[in-house]
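# Residue-level structural notes
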Amino acid sequence: MSLITDVHLTASRRLTSVRAPPTVVVSFAIIALVIAWSLAPGLFTSQSPVNGVPADKLLGPGTAHWFGTDHLGRDLYTRVVYGTASSVTSALIAVAIAAVTGGLIGLLSGFFGGWVDIVLARLVDVLLAVPHFLLAVIIVTAIGFDTTNAAIATGVSAVAVFARVMRSEVIKIRQATFVESSFLLGGSRWHILLRHVLPNASRSLLPLAVLQFGLSILVIASLAFLGYGDPPPASDWGLLISIGKDYLKWPWLVYAPAFVTIATVLSVNRISRWLRKTD
């Protein structure tokens with residue numbers, strides 16, 4: 001009877017320990033809304049993000065236009081919603097590039113050591129020597145101006161961060177008892193690398209990937225603001241802010257996309273911190 005009671009107490013404690021605080025719940029709700037916008041924007045607005053009504057230009061926020069209208073009479077809320085797909089997709093591409101490439105570099109560098117570690121570590125040092133945003137600008141200038149190239153540039157600029165984290169985790173796990181036991185039992189290096197080291201080391205990349213998702217949104221929005229993304233009539237969040245800055249008498253043109261961008265990034269950062277604590 002006492003054993004059953006102990007099991008119930010242990011289970012209840014685990015549920016309590018992973019229970020999300022209200023700020024995390026709100027953050028998940030915001031991210032869920034942003035993802036829904038990116039997947040099915042037509043469910044949230046019936047207006048066109050490209051075609052406007054000239055008679056309705058530069059109207060303030062209200063019941064008819066939640067975020068107001070721009071200088072061409074286009075509904076700003078609609079443009080923000082339709083721009084979400086580009087912003088979210090680009091950030092996911094950037095995170096995938098950084099996580100896969102950086103994770104592979106860190107995995108090989110930390111596990112094999114020797115000259116492999118020296119060569120790959122020097123490559124990471126070179127990437128870390130250049131500021132991330134400057135490196136992204138250099139790359140997107142070299143490969144061309146559009147949102148996909150901005151995502152690739154953002155991902156490449158973040159490779160070094162993932163490589164450093166993965167390398168430190170691999171070195172720590174490589175010295176663990178179960179890895180040494182697997183070596184003594186005759187396991188090959190590749191078997192141990194893929195079966196034991198990779199699954200355990202990659203867990204630490206999840207909070208970093210979530211955090212990098214928010215940072216990628218900021219970097220891609222900044223590149224679009226500077227004109228390195230898709231040209232108008234695209235509605236990337238950074239491009240909307242760039243267009244709105246020319247109409248300072250109508251501040252909602254900047255405030256609306258900026259508020260959505262900030263809320264998304266802060267929500268992602270809050271979720272990342274919560275994941276690190278519950279890991």
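Overview of the structure. What you see is a predicted model; the values in this text were computed from it and never measured.

Calculation rules
- Residues numbered from 1 in each chain as written.
- Predicted model: local features only at pLDDT ≥ 70, side-chain atom pairs only at ≥ 80, totals over all residues.
- Heavy atoms only, no water.
- Helix = DSSP H or I, 4+ residues; strand = E, 2+ residues; numbered from the N terminus.
- 1 Å grid on protein atoms, 1.4 Å probe; cavity = no way out; pocket = protein on both sides within 12 Å on 5 of 7 lines; lining within 4 Å.
- Points joined across faces, edges and corners; volume = space filled by probe spheres on them.
- Nonpolar A, V, L, I, M, F, W, Y, C, P; charged D, E, K, R; others polar.
- Expected span 1.5 Å × (residues − 1).
- Buried < 20%, exposed > 50% of the residue type's maximum accessible area, 1.4 Å probe, protein only.
- Salt bridge = Lys/Arg side-chain N within 4 Å of Asp/Glu carboxyl O.
- Arc of directions from axis to C-beta.
- Contact = heavy atoms within 4.5 Å.

### Describing unusual backbone geometry
Residue Pro233 is reached from Pro232 by a cis peptide bond, and omega for that bond is 10°. Within the secondary structure, Pro233 sits in the loop between helix H10 (205–225) and helix H11 (237–244). Although it is not a glycine, Leu58 adopts a positive phi angle of roughly 60°.

### Thoughts on empty space enclosed by the protein
Enumeration over the complete set of coordinates arrives at two cavities of 30 Å³ or more. Roughly 70 Å³ of internal volume is contained in the largest cavity. Around the largest cavity, the lining residues are Asp70, His71, Arg74, Leu76, Arg79, Leu240, Ile243, Gly244, Tyr247 and Leu253. Of the residues assigned to the lining of the largest cavity, the class counts are five nonpolar, two polar and three charged. By volume, the second largest cavity amounts to about 50 Å³. What lines the second largest cavity is Ser87, Ile217, Ile220, Ala221, Ala224, Asp236, Trp237 and Gly238. Going through the elements one at a time, H10 and H11 are the ones with two or more residues in the lining of the second largest cavity. Element by element, the count of residues in the lining of the second largest cavity is highest for H10, at four residues. In the lining of the second largest cavity, the residues fall into five nonpolar, two polar and one charged.

### Some thoughts on helix H7 (residues 159–174)
Here H7 contains 16 residues, and its C-alpha end-to-end distance of 22 Å stays within 8% of the 22 Å for a straight helix at 1.5 Å per residue. Residues of H7 that are buried: Val159, Ala160, Phe162, Ala163, Met166, Glu169, Val170 and Ile173.

### A closer look at the pattern of salt bridges
Charged atoms that come close allow side chains of opposite charge to pair. Taken as a whole, this structure holds seven salt bridges when the rule is applied. Taking the shortest distance from any N to any O, the salt bridge between Asp70 and Arg79 comes out at 3.9 Å. By relative accessible area, Asp70 is classed as buried at 5%. Residues Arg164 and Asp125 are paired through a salt bridge, measuring 2.7 Å at the closest nitrogen-oxygen approach. With Arg164 in helix H7 and Asp125 in helix H4 (residues 114–129), this pair connects stretches of sequence that are 39 residues apart.

### What about H4?
Between its terminal C-alpha atoms H4 stretches 22 Å, which fits the 22 Å expected from 16 residues at 1.5 Å a residue. Taken together, the buried positions of H4 are Val116, Asp117, Leu120, Ala121, Val124 and Leu127. The buried side chains of H4 occupy one side of the element, clustering within an arc of 115° when seen end-on. For H4, the exposed residues lying more than 90 degrees away from the buried face are Trp115, Val126 and Ala129. On its buried side, H4 packs onto helix H3 (76–112), helix H5 (132–143) and H7.

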